[in-house]
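# Examination of the molecular architecture
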Amino acid sequence: MVGTVDHASGPLEQIAFPVNFGGARPPLRSAPPLHGEHTDEILAGYQEVSVPS
């Protein structure tokens, strides 16, 4: 129940989907993001906020 996906840091083992459908297991779709990979996209919607001292 362990599958391997390609990752920027090298092959990465992940837990595969535990259920078979019609004798076939669904494939692993993608590797997890790298640390900070989506930070700019997440923070794009935030505006600068001043914090009172």
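In this report, we go over the structure that sits alongside the text. It should be emphasised that the depicted structure is a prediction, and the values quoted were computed from it without experimental measurement. Along each chain, residues carry numbers from 1 onward, in the same order as the chain's sequence is written. Where totals are concerned, whole chains, interfaces and linings use all residues; where local detail is concerned, this predicted model gives features only for residues with pLDDT of at least 70, and gives and counts side-chain atom pairs only at 80 or more. To get the side-chain values, all heavy atoms of the structure are used, and hydrogens and water are removed first.

Further remarks concern the environment of T4. Note on conventions: DSSP H or I runs of at least 4 residues are helices, E runs of at least 2 residues are strands, and numbering of each starts at the N terminus. Residue placement: T4 occurs in strand β1 (residues 2-5). Along the sequence, T4 and Q14 sit ten residues apart, while their C-alpha atoms lie 6.1 Å from each other. Only heavy atoms matter for contacts: two residues are in contact if any of them lie within 4.5 Å across the pair. Apart from the residues lying within four places of it in its own chain, the contact partners of T4 are P11, L12, E13 and L28.

Right, let's get into the pairing of strand β2 (residues 12-15). Being paired, for any two strands, means DSSP has found at least two bridges between them. Relative to β2, β1 runs antiparallel, the two sharing four bridges. Across the sheet, V5 pairs through a bridge with L12, a residue of β2. Hairpin geometry of β1 and β2 is characterised by an intervening segment of six residues between the two adjacent antiparallel strands and by a positive phi of about 120° at G10.

Within the element layout of this structure, H7 appears in the loop between β1 and β2. From its side chain, H7 meets the backbone oxygen of P32 in a polar contact 3.0 Å long. Setting aside residues up to four positions removed in sequence, H7 forms contacts with L12, A31, P32, P33 and L34. N or O atoms closer than or at 3.5 Å make up a polar contact, with two conditions inside protein: a donor-capable atom paired with an acceptor-capable one, and, for residues adjacent in sequence, both atoms drawn from side chains.

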